[in-house]
Amino acid sequence: MAERTRQAISAGRDVVDLTLGEPDFATPEHICAAAVKAIARGETKYTPINGTTVLREAIVRKFRRDNALDYDLREISVGCGAKQILYQAFLATLAPGDEVIIPTPYWASYADMISLNGGTLKPVEARLVDSFLLEPAALDAALNERTKWVVLNSPSNPSGAAYTREQLKALTDVIESSRYKKFWILADDIYEHILFDDRMFATVAQVAPNLRERTLTVNGVSKAYAMTGWRVGFAGGPRPLIEALTKLQMQITSHTASISQAAAAAALDGSQEFVYQCRARLQARRDLMLAWLAKIPALACPKPHGAFYLFPSIEALLGRSSPEGERLGSDVEFSNYLLEHGVAVVPGSGFGAPGHIRMSYATSEANLERAIDRIWIALDRLS
Ligand SMILES: Cc1ncc(COP(=O)(O)O)c(C=O)c1O
């Protein structure tokens, strides 16, 4: 959808792009300055595969400060974005027949990463009526002897749902008491800092210390510091798993760019003011979008707790027809219809949840207003 949107825009069409998966803010100046300094110091050579000591020390401090997690330097992995870490985790562990449990709706890339590595995605529905939070009983029912990973992504892309400490504990209790023990837990915390309404962030290894040796805690600088293009992600986890990831990375990309690593260390160690400001702005945008959505009962949408997406159901609109007489039978057709009206969104099917659309509000307030006006017109024209 992002590609189709780019094509439409480059063909001269006026499209408000709500497909974006990255903050629309610029990387803070002090982070860019750290990169320039690294170049001036000649830090332009190969680094250790799993990251410079300076960066890994900053990551150790970050885990301690934000998550009360104690990792040592050999328990840290650094890659080209959280994406590379996730991919290597599956590459290192999955064999044919292995299942990866992921609540739906889920970030589309997980599905492809799992199938590319010979595993089987086992989607478990997190329902809209439960605010897209996985019910402990549903997790319990999905676990079996083939389970190799349970992936929890909070706040979630695409739903924005986030678990409180208690809700997460209810899930880790299920894992701890399960008779199946031979699986890993992946906490994808990439949206940790984009969490609203003064909620406290919680992660698996923190709420369930007994699971620390089975948990890979994945995070990065992309979303929190508007650094998507710098390509730095990291993880803390048990040493054997981290060593396996590093061994694979050695033959894939080696390390991520030395200059980006210097910038990431500055991001983690420097002032966190930017993070607070972004959070406040994104929360205001979420509220703007929710106030508008509340006026359209046909677009049912629970209040997202974080990230920068809304994931409304469009079920009530399916089956209706465009002014040209075209029946909108699916989320894909509905998204195409909105694109014709100058708004790009992503169909829910790609996230394992047909009958929904994902709308990103990581764009200016002016763009959001324009998108809202256009969606009103598009819905008004349906019969
Ligand atoms: C849920 C989730 N995990 C991981 C990533 C990867 O982030 P990066 O590779 O930029 O660190 C993304 C990016 O969109 C994401 O949405």
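Rules behind the numbers
- Residues numbered from 1 in each chain as written.
- Predicted model: local features only at pLDDT ≥ 70, side-chain atom pairs only at ≥ 80, totals over all residues.
- Heavy atoms only, no water.
- Pairing = 2+ DSSP bridges.
- Helix = DSSP H or I, 4+ residues; strand = E, 2+ residues; numbered from the N terminus.
- Core = buried A, V, L, I, M, F, W, Y, C linked by side-chain atoms within 4.5 Å.
- Buried < 20%, exposed > 50% of the residue type's maximum accessible area, 1.4 Å probe, protein only.
- Domains from an automatic or database assignment.
- Contact = heavy atoms within 4.5 Å.
- Near = heavy atom within 4 Å.
- Polar contact = N/O pair within 3.5 Å; in protein donor to acceptor, adjacent residues only side chain to side chain.
- Areas by Shrake-Rupley, 256 points an atom, 1.4 Å probe, with all protein chains shown as cover.
- Nonpolar A, V, L, I, M, F, W, Y, C, P; charged D, E, K, R; others polar.
- Phe/Tyr/Trp six-rings, centres within 6.5 Å; stacked < 30°, edge-to-face > 60°.
- Buried area = accessible area lost by both parts, 1.4 Å probe.
- Salt bridge = Lys/Arg side-chain N within 4 Å of Asp/Glu carboxyl O.
- Right-handed = clockwise from strand over helix to strand, strands pointing away.
- Axes fitted to C-alpha atoms, helices over the stretch in contact; angles between N-to-C directions.
- Parallel < 35°, antiparallel > 145°, perpendicular 65-115°, else oblique.
- Left-handed = near helix turned anticlockwise from the far one by under 90°.

**Details of the sheet that holds strand E12 (residues 357–360)**
1) Next: If you trace the 3 strands from one edge of the open sheet to the other, you get E9-E12-E11, paired in antiparallel fashion. The sheet is open, and its two edges are formed by strand E9 (309–310) and strand E11 (346–347), each paired on a single side.
2) Next: Sheet analysis places E11 next to E12, joined by 2 bridges and oriented antiparallel. Looking at the pairing, Pro347 lines up with Ile357 of E12.

**Examining the nonpolar core**
1) Next: Residues Phe90, Trp149, Leu216, Trp292, Phe334 and Met359 are the most contacted members of the largest nonpolar core, which totals 62 residues.
2) Next: In terms of residue count, the dominant contributor to this core is helix H11 (residues 273–293) (7 residues).
3) Next: Summarising the domain contributions, this core has at least three residues from each of domain 1 (2–21 + 274–380) and domain 2 (29–269).
4) Next: Beyond its immediate chain neighbours, meaning those up to four positions away, Phe334 contacts Ile314, Leu317, Leu318, Leu328, Ile357, Leu379 and Leu382.

**Describing the site of the ligand**
1) Next: Around the ligand there are 14 residues in total, and Ala82, Asp188, Ser222, Lys223 and Arg231 lie nearest to it.
2) Next: The side chain of Asp188 places a nitrogen or oxygen atom 2.6 Å from a nitrogen atom of the ligand.
3) Next: If the ligand stood free it would expose 400 Å²; the protein chains cover 93% of that surface.
4) Next: At 4 residues, the largest contribution of residues to the shell around the ligand is made by helix H4 (residues 81–93).
5) Next: Of the residues contributing to the shell around the ligand, the split by class is 6 nonpolar, 4 polar and 4 charged.

**Focus on the packing of aromatic side chains**
1) Next: Scanning the entire structure with this criterion turns up 11 aromatic pairs.
2) Next: Measuring from centroid to centroid gives 5.8 Å for Phe63 and Phe234, while their planes differ by 80°, and the two rings are edge-to-face. Of this pair, Phe63 sits in helix H3 (residues 53–67) while Phe234 sits in strand E8 (residues 233–236), placing them 171 residues apart in sequence.
3) Next: Overall, Phe63 belongs to the buried group, its relative accessible area being 0%.
4) Next: Look at Phe234 and you get buried, because its relative accessible area is 1%.
5) Next: Geometrically, the ring pair formed by Phe308 and Tyr309 is tilted, given 4.8 Å between the ring centres and 55° between the ring planes. Accessibility classification places Phe308 together with Tyr309 in one group, the buried group.

**Topic: the domain arrangement of the protein chain**
Many authors give the size of an interface as the accessible area that is lost as the parts come together.
1) Next: When cut into domains, the protein chain gives domain 1 (2–21 + 274–380) and domain 2 (29–269).
2) Next: Placing the centre of domain 1 and that of domain 2 at their C-alpha centroids yields a distance of 27 Å.
3) Next: Contacts between the two partners involve 26 residues from domain 1, matched on the other side by 28 residues from domain 2.
4) Next: Across the domain 1/domain 2 interface, buried area totals approximately 2200 Å², and carbon plus sulfur atoms make up 63% of it.
5) Next: Interface area lost by domain 1 to domain 2 is led by Pro302, His305 and Phe351, which between them contribute 29%.
6) Next: The tally of links from domain 1 across to domain 2 stands at 1 salt bridge.

**Let's talk about the pairing of strand E3 (residues 99–104)**
1) Next: Counting buried positions along E3 yields 6 of 6 residues, so the element is predominantly enclosed.
2) Next: With burial as the criterion, each face of E3 is covered, one bearing Glu99, Ile101 and Pro103 and the other bearing Val100, Ile102 and Thr104.
3) Next: Where E3 and strand E4 (residues 120–125) come together, 6 bridges link them in parallel fashion. Following the sheet pairing, Ile101 is matched in E4 by Lys122.
4) Next: In this fold, the crossover linking E3 to E4 by way of helix H5 (residues 108–116) has right-handed handedness.

**Thoughts on the packing of H3 against helix H10 (residues 258–269)**
1) Next: Closest axis-to-axis distance for the H3/H10 pair is 9 Å, and the angle between their directions is 25°. Taken together, the axis directions place H3 and H10 in an arrangement best described as roughly parallel. Crossing angle aside, the handedness with which H3 passes H10 is left-handed. For the pair H3 and H10, the contacting residues are Val54, Leu55, Ala58, Ile59, Arg61, Lys62 and Arg65 in the first and Gln261, Ala264, Ala265, Leu268 and Asp269 in the second.
2) Next: Across the contact of H3 with H10, the residue classes tally to 7 nonpolar, 1 polar and 4 charged.

**Notes on the environment of Asn50**
1) Next: The topology assignment puts Asn50 in the loop between helix H2 (29–40) and H3.
2) Next: Asn50 gets classed as buried once you look at its relative accessible area, which sits at 14%.
3) Next: The spatial distance from the C-alpha of Asn50 to the C-alpha of Gly79 is 6.9 Å, given a sequence separation of 29 residues.
4) Next: When neighbours within four sequence positions are excluded, Asn50 is seen to be in contact with Arg56, Ile76, Ser77, Val78 and Thr246.

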